[in-house]
Amino acid sequence: TSTRSGYLPDEAATLGLGASLAQAIIPGMVIFLEGDLGAGKTTLTRGLLQGLGHQGRVKSPTYTLVETYPLASLTAHHFDLYRFNDPEEWEDAGFRELFGHDTLCLVEWPEKAQGLLPQPDLTLALAVADDGRTYRIHAHDAQGIQCLSRLSI
Ligand code: ADP
Ligand code: MG
């Protein structure tokens, strides 16, 4: 099926979902991360990148817009477009070229660059609920569905 949802009671569970995704993702995928400030988007990205073998920090690319992680299996680009307000910057910075068949692109606040971004294979929405978070993953194409079917959660 094309959706998956559940509850993440604590930060470790969010990191765990990221780690599970790391085992399921396919190079070339684009994942949109939706949810308010503090919903857990960067935490999930940290779990995913660590699951792909990244050691060390994952800092929020709030000011740089993108942080790049060359990993063993692929290169990951983590965008945070919260402060993005100029479509020209997208073109000038060459962000378009970062999307390709051998990269993984994770995008926080994709709605800030609507119309400039490629279509996502997956959207993952997080929301605060009680002391934890709810998540909902939606697959938009065959690659996304394949990824969800490989997801061990
Ligand atoms: P965002 O990138 O969406 O703004 P962050 O990943 O920076 O959010 O997370 C904000 C806070 O939420 C962090 O302090 C993190 O520890 C906490 N957090 C993440 N997942 C959970 C969870 N499942 N339950 C409770 N707190 C969480
Ligand atoms: Mg964030």
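Scroll up for the structure.
Residues numbered from 1 in each chain as written. Chains lettered and ligands numbered in written order. Predicted model: local features only at pLDDT ≥ 70, side-chain atom pairs only at ≥ 80, totals over all residues. Heavy atoms only, no water.

Colleague: Which residues make up the coordination of the magnesium ion (ligand 2), and what values go with them?
Modeller: Under perfect tetrahedral coordination by four donors, a metal shows angles of 109.5 degrees; under perfect octahedral coordination by six donors, it shows angles of 90 or 180 degrees. Protein coordination at the magnesium ion (ligand 2): the donors are Thr42 (OG1) and Glu108 (OE), at 2.1 to 2.3 Å from the metal. Here Thr42 is found in helix α2 (residues 41–51), whereas its partner Glu108 is found in strand β5 (residues 103–108), with 66 residues between them in sequence. Of the residues examined, Thr42 reaches a relative accessible area of 22% and is grouped as partly exposed. (Donors = N, O, S within 2.8 Å, 3.2 Å for Na, K, Ca; no water. Helix = DSSP H or I, 4+ residues; strand = E, 2+ residues; numbered from the N terminus. Buried < 20%, exposed > 50% of the residue type's maximum accessible area, 1.4 Å probe, protein only.)

Colleague: Any chance you could break down the packing of helix α1 (residues 11–24) against α2 for me, citing the residues and the numbers?
Modeller: One way to put it is that α1 packs onto α2 with a least axis distance of 7 Å and a crossing angle of 45°. Between α1 and α2, the crossing angle belongs to the class labelled oblique. Like other packed secondary-structure pairs, α1 and α2 cross with a definite hand, here right-handed. Across from Glu11, Thr14, Leu15, Leu17, Gly18, Ala19, Leu21, Ala22 and Gln23 in α1, the residues of α2 making contact are Thr43, Leu44, Arg46, Gly47, Leu48 and Gly51. Broken down by class, the residue content of the contact of α1 with α2 amounts to seven nonpolar, six polar and two charged. (Axes fitted to C-alpha atoms, helices over the stretch in contact; angles between N-to-C directions. Parallel < 35°, antiparallel > 145°, perpendicular 65-115°, else oblique. Left-handed = near helix turned anticlockwise from the far one by under 90°. Contact = heavy atoms within 4.5 Å. Nonpolar A, V, L, I, M, F, W, Y, C, P; charged D, E, K, R; others polar.)

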